[in-house]
Amino acid sequence: MFNIAVIVNTLAVLIGGTLGTLVGNKLPDNLRLILFQSVGLTTFLIGVGMGLDASNLIVVLVSLALGGVSGELLRIEKGLGKLANIVERSQGETPFVRGFITATVLFVIGPMTIIGCLNAGLSGDNSVIFLKSVLDGISSMVLASVYGVGVTFSAVSVFLIQGSIVSLAGMLSFLSNPYYLNDFTAVGGAMIIAIGIRLLEIKDIKVGNFLPSLIIVVLINYILTFFGGF
């Protein structure tokens, strides 16, 4: 859990989020709107790029469908919102809640997280996570200028999730295999596209409810190996 690269990544999000919150509070509404749209468009493009890595779109579709239904039944996004409300002492879906969920999904889903954490856990190579720390620090600054302190609290998610992957690297090393990684990345990309759509205020998609899809896509591909899918 206490890998140096994971700690650096966590601090990068904390510092970037704090600076972004301080700057964002001083921005006029028209500039904040432009930032909001810029983040939304960039997020959308990142998601499209990740989605193109899919090896099997049917697997991606089924994973998103099953994961989305599971998340809806479990009310995952509502639960995350309640957790954030406790921290903020507020009611309903506030900018804090959206910032926390948006930043968490952006910072912990993707090939850099998986490959970086596995490299750190298996061989002690922290270079990928160090690079990710720079990118996350910049991204958290921009996001926090729009959403505020909720982005800063996503550092907790970064620390817990990345630290867990590093600690369990020996058991999770199969995820670096393109057979698993490509569809996993594509499912994450679809979720990030949903965040972009949400940021651009095109449609309010409950992205948090799709989190089970990231587990389901791995299980489906594993099952398919018994039917010649590998």
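Here the structure is shown first, and the text comes after it.
In this report, we go over the structure that sits alongside the text. (Residues numbered from 1 in each chain as written. Predicted model: local features only at pLDDT ≥ 70, side-chain atom pairs only at ≥ 80, totals over all residues. Heavy atoms only, no water.)

### Side note on the overall build of the protein
Applicable threshold: Counting from the N terminus, the helices are DSSP H or I runs at least four residues long and the strands are E runs at least two residues long. Partly exposed describes any residue whose relative accessible area lies between the buried limit of under 20% and the exposed limit of over 50%, with all areas from a 1.4 Å probe on protein chains only and scaled to the type maximum. Method for areas: the Shrake-Rupley scheme with a 1.4 Å probe, in which residue coverage is limited to the protein chains shown. Charged residues are defined here as Lys and Arg on the positive side and Asp and Glu on the negative side; His and the ends of the chain fall outside this count. Lysine's charge is taken at NZ, arginine's at CZ, aspartate's at CG and glutamate's at CD.
Within the protein, the regular secondary structure consists of 11 helices and 0 strands. Counting helices and strands in the order they occur from the N terminus, the protein gives α-α-α-α-α-α-α-α-α-α-α. In terms of its C-alpha atoms, the protein occupies a principal-axis envelope of roughly 55 × 40 × 30 Å. Considering the protein as a whole, with its 230 residues, one finds that 47% of them fall into the buried category. Accessible area for the protein stands at about 11,300 Å²; split by element, carbon and sulfur atoms hold 72% of it. Mean positive and mean negative side-chain charge positions of the protein (11 and 11 charges, respectively) differ by 10 Å.

### Concerning the side chain of Thr102
To keep it simple, the criterion reads: Distance and chemistry together define a polar contact, namely a pair of N or O atoms within 3.5 Å, with one atom able to donate a hydrogen and the other to accept it when in protein, and with adjacent residues in sequence counting only for side-chain atoms on both sides. We call two residues in contact when some of their heavy atoms are within 4.5 Å.
Position of Thr102 relative to the elements: it lies in helix α5 (residues 95–108). Within the structure, the side chain of Thr102 is placed 2.8 Å from the backbone oxygen of Arg98, a separation counted as a polar contact. Once residues within four sequence positions are removed from consideration, Thr102 is found in contact with Leu143, Tyr147 and Ile195.

### Some points on the pattern of salt bridges
Under the convention used in this document: Basic side-chain nitrogens of Lys or Arg form a salt bridge, by our definition, when they fall within 4 Å of a carboxyl oxygen of Asp or Glu.
The full count for this structure, using the stated rule, is 4 salt bridges. Residues Arg98 and Asp204 are paired through a salt bridge, measuring 3.1 Å at the closest nitrogen-oxygen approach. Within this pair, whereas Arg98 is found in helix α5, its partner Asp204 is found in the loop between α10 (178–199) and α11 (213–224), the two being separated by 106 residues in sequence. The exposure class of Asp204 is partly exposed, given its relative accessible area of 45%. Measuring nitrogen to oxygen at the nearest pair gives 2.6 Å for the salt bridge that ties Lys132 to Asp136. Of this pair, Lys132 and Asp136 both sit in helix α7 (residues 127–147), separated by 4 residues, roughly a single helical turn. Three or more residues joined by partner-sharing salt bridges are found here, namely Arg98, Arg198 and Asp204.

### A look at the nonpolar core
This is how it is decided: Take the buried Ala, Val, Leu, Ile, Met, Phe, Trp, Tyr and Cys residues and link them wherever side-chain atoms come within 4.5 Å; each set so joined is a nonpolar core.
With 49 residues, the main nonpolar core has Phe107 and Leu143 as its most contacted residues. A per-element tally of this core places α10 first, with 11 residues. When neighbours within four sequence positions are excluded, Leu143 is seen to be in contact with Val39, Thr102, Ala103, Leu106, Phe107, Gly148 and Val151.

### Comments concerning a nonpolar patch on the surface
To be explicit about the condition: Patches here: salt-bridge-free residues with over 30% relative accessible area, like charges joined within 9 Å, nonpolar side chains (Val, Leu, Ile, Met, Phe, Trp, Tyr) joined within 5 Å.
A surface patch of nonpolar side chains, about 750 Å² in accessible area, is lined by Leu11, Leu14, Ile15, Leu19, Leu22, Val134, Ile138, Met141 and Val142. Of all elements in the fold, only α1 (4–24) and α7 reach the threshold of two or more residues within the nonpolar patch. Looking at the nonpolar patch element by element, the count peaks at 5 residues for α1. On the secondary structure map, Leu22 appears in helix α1.

### A few points about the side chain of Asn9
Mapped onto the secondary structure, Asn9 falls in helix α1. Apart from residues lying up to four places away in sequence, Asn9 is in contact with Ile129, Lys132, Ser133, Asp136, Val158 and Gln162.

### Comments concerning the packing of aromatic side chains
So the rule is basically this: Here a Phe, Tyr or Trp ring, Trp counted by its six-membered ring, pairs with any other such ring whose centre lies within 6.5 Å, and the pair is stacked when the planes are under 30 degrees apart, edge-to-face when over 60, and tilted otherwise.
Tallied over the full model, the rule gives 5 aromatic pairs. A centroid spacing of 5.2 Å and a plane angle of 80° characterise the contact between Phe174 and Tyr180, whose relative ring orientation is edge-to-face. For the pair Tyr179 and Tyr180, a centre-to-centre distance of 5.1 Å together with 85° between the ring planes defines the contact as edge-to-face. Per residue, the accessibility class of Tyr179 equals that of Tyr180, and both read buried. Among the aromatic side chains, those forming a connected cluster through ring pairs are Phe174, Tyr179 and Tyr180.

Interpretation in functional terms is not warranted from these geometric data alone.
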